Amino acid sequence: MTKTINRNHLRELESEAIFIMRELASQFERPVLLFSGGKDSIVLVHLAMKAFYPAKIPFPLMHIDTGHNFDETIAFRDKMAKEMGAELIVKYVQDSIDQGKVIEETGADASRNKLQITTLLDGIADVKADAAIGGGRRDEEKARAKERFFSHRDAFGQWDPKNQRPELWNLFNGRKNMGEHFRVFPISNWTEMDVWQYILMEDIEMPSLYYTHKRKVFNRDGAWLAAAPFMQLKDGEEIVELDVRCRTIGDVSCTGLSLSTADNLEDIVKEVAAARETERGGRSDDKRSEAAMEDRKKEGYF
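Conventions adopted
- Residues numbered from 1 in each chain as written.
- Predicted model: local features only at pLDDT ≥ 70, side-chain atom pairs only at ≥ 80, totals over all residues.
- Heavy atoms only, no water.
- Domains from an automatic or database assignment.
- Contact = heavy atoms within 4.5 Å.
- Buried area = accessible area lost by both parts, 1.4 Å probe.
- Salt bridge = Lys/Arg side-chain N within 4 Å of Asp/Glu carboxyl O.
- Polar contact = N/O pair within 3.5 Å; in protein donor to acceptor, adjacent residues only side chain to side chain.
- Helix = DSSP H or I, 4+ residues; strand = E, 2+ residues; numbered from the N terminus.
- Nonpolar A, V, L, I, M, F, W, Y, C, P; charged D, E, K, R; others polar.
- Pairing = 2+ DSSP bridges.
- Axes fitted to C-alpha atoms, helices over the stretch in contact; angles between N-to-C directions.
- Phe/Tyr/Trp six-rings, centres within 6.5 Å; stacked < 30°, edge-to-face > 60°.
- Buried < 20%, exposed > 50% of the residue type's maximum accessible area, 1.4 Å probe, protein only.

Quick notes on the domain arrangement of the protein
It is common to give the size of an interface as the accessible area that goes away when the parts come together.
Reasoning step 1: Entries for the protein in the domain assignment read domain 1 (9–194 + 290–299) and domain 2 (208–284).
Reasoning step 2: Domain 1 and domain 2 are separated by 24 Å when their C-alpha centres are compared.
Reasoning step 3: Across the boundary between the two partners, domain 1 contributes 24 residues, which contact 26 residues of domain 2.
Reasoning step 4: Summed over both sides, the interface of domain 1 with domain 2 buries roughly 2100 Å², with 52% coming from carbon and sulfur.
Reasoning step 5: Considering only the side of domain 1, the residues that lose the most area to domain 2 are His68, Phe70 and Glu192, jointly responsible for 32% of the buried surface there.
Reasoning step 6: At the junction of domain 1 with domain 2, the criterion picks out four salt bridges.
Reasoning step 7: Residue arginine 215 is joined to glutamate 72 by a salt bridge in which the shortest nitrogen-to-oxygen separation is 2.5 Å.
Reasoning step 8: Viewed at the interface, domain 2 and domain 1 are joined by nine residue pairs in polar contact (both at pLDDT 80 or more).
Reasoning step 9: When contributions to the side of domain 1 that touches domain 2 are tallied by element, the ones reaching two or more residues are α3 (71–84), α6 (192–202) and α8 (292–299).
Reasoning step 10: A per-class count over the side of domain 1 that touches domain 2 returns five nonpolar, nine polar and 10 charged.

Topic: the sheet that holds strand β6 (residues 181–184)
Reasoning step 1: Pairing is mixed in the open sheet, where six strands are placed in the order β3-β2-β1-β4-β6-β5. Two strands lie at the open edges of the sheet, namely β3 (88–92) and β5 (150–153), each paired on one side alone. With direction set aside, neighbouring strand axes in the sheet form an average angle of 30 degrees.
Reasoning step 2: Bridge analysis of strand β1 (residues 31–34) against strand β2 (residues 61–65) gives two bridges, and the strand direction is parallel.

Topic: the packing of aromatic side chains
Reasoning step 1: The tally for this structure, following the rule as stated, stands at nine aromatic pairs.
Reasoning step 2: Taking the centre distance of 6.2 Å and the plane angle of 50 degrees together, the rings of phenylalanine 19 and phenylalanine 172 count as tilted. On the criterion of sequence distance, the pair formed by phenylalanine 19 in helix α1 (residues 7–27) and phenylalanine 172 in the loop between β5 and β6 is long-range, its members being 153 residues apart.
Reasoning step 3: The class of phenylalanine 172 is buried, set by a relative accessible area of 10%.
Reasoning step 4: For the ring pair phenylalanine 52 and phenylalanine 59, a centre distance of 5.9 Å and an interplane angle of 85 degrees mean the geometry is edge-to-face.

Structure follows, in structure tokens:
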């Protein structure tokens, strides 16, 4: 399988991402890397370590913890931050709920995913970050396809897709007013296949969630969701144990799992190559409306 990887293509993507990492380090004073424990943010950390080697990465990792994360995600996050000696900043959605800044959804379809917006914006303000590095890619969802490498956010943390600054060649404009910040997406030009082939080529350690494992799940509207104490079942829904894996990792309440036998990187690459649905096809938060992702991004979402 490794012989079929287009290494030149992946090295070009790697070089572009490293260039963007170094550009943001030169233009911004207090960047943070938004770390979710998912494959894209793990690749970002790997690229950042390459970009600034032999020094440590010059910015902290920030995780917005919904309180409804997979246990494996939290364990991997803490292990990785400790091993690389990185500063890890964790902001909790539960704190935003307790402070009355957001109201928790109720009912079987309740999710804390959208509540992350307030916690994220407060976290950026708390650490006075002027740039937040994210793992968004243009192939994930149509709203993300509209976004620039350097994506401006106003003083309210909002994104205006119709008023973005043009990007001319490799010239990135990080100028902003007081209180504003940027989101920076170094792997915008990567696809899901690029990410997995790069992980395979670089032999990057990944959370066990990405590999086939047995898990108690239930089916809702055609998507398999993980059973958890805070997940309410609807009439007719039944918990079963199946062999599944994650293609994308987020809040448990909205992360669809895939039936799979892929228990190694080579098989994951093969599975992604044969897939006919995007990795976010099982994300219930994207299905709340036709413009669900764009609406959340305008409010300050990742």
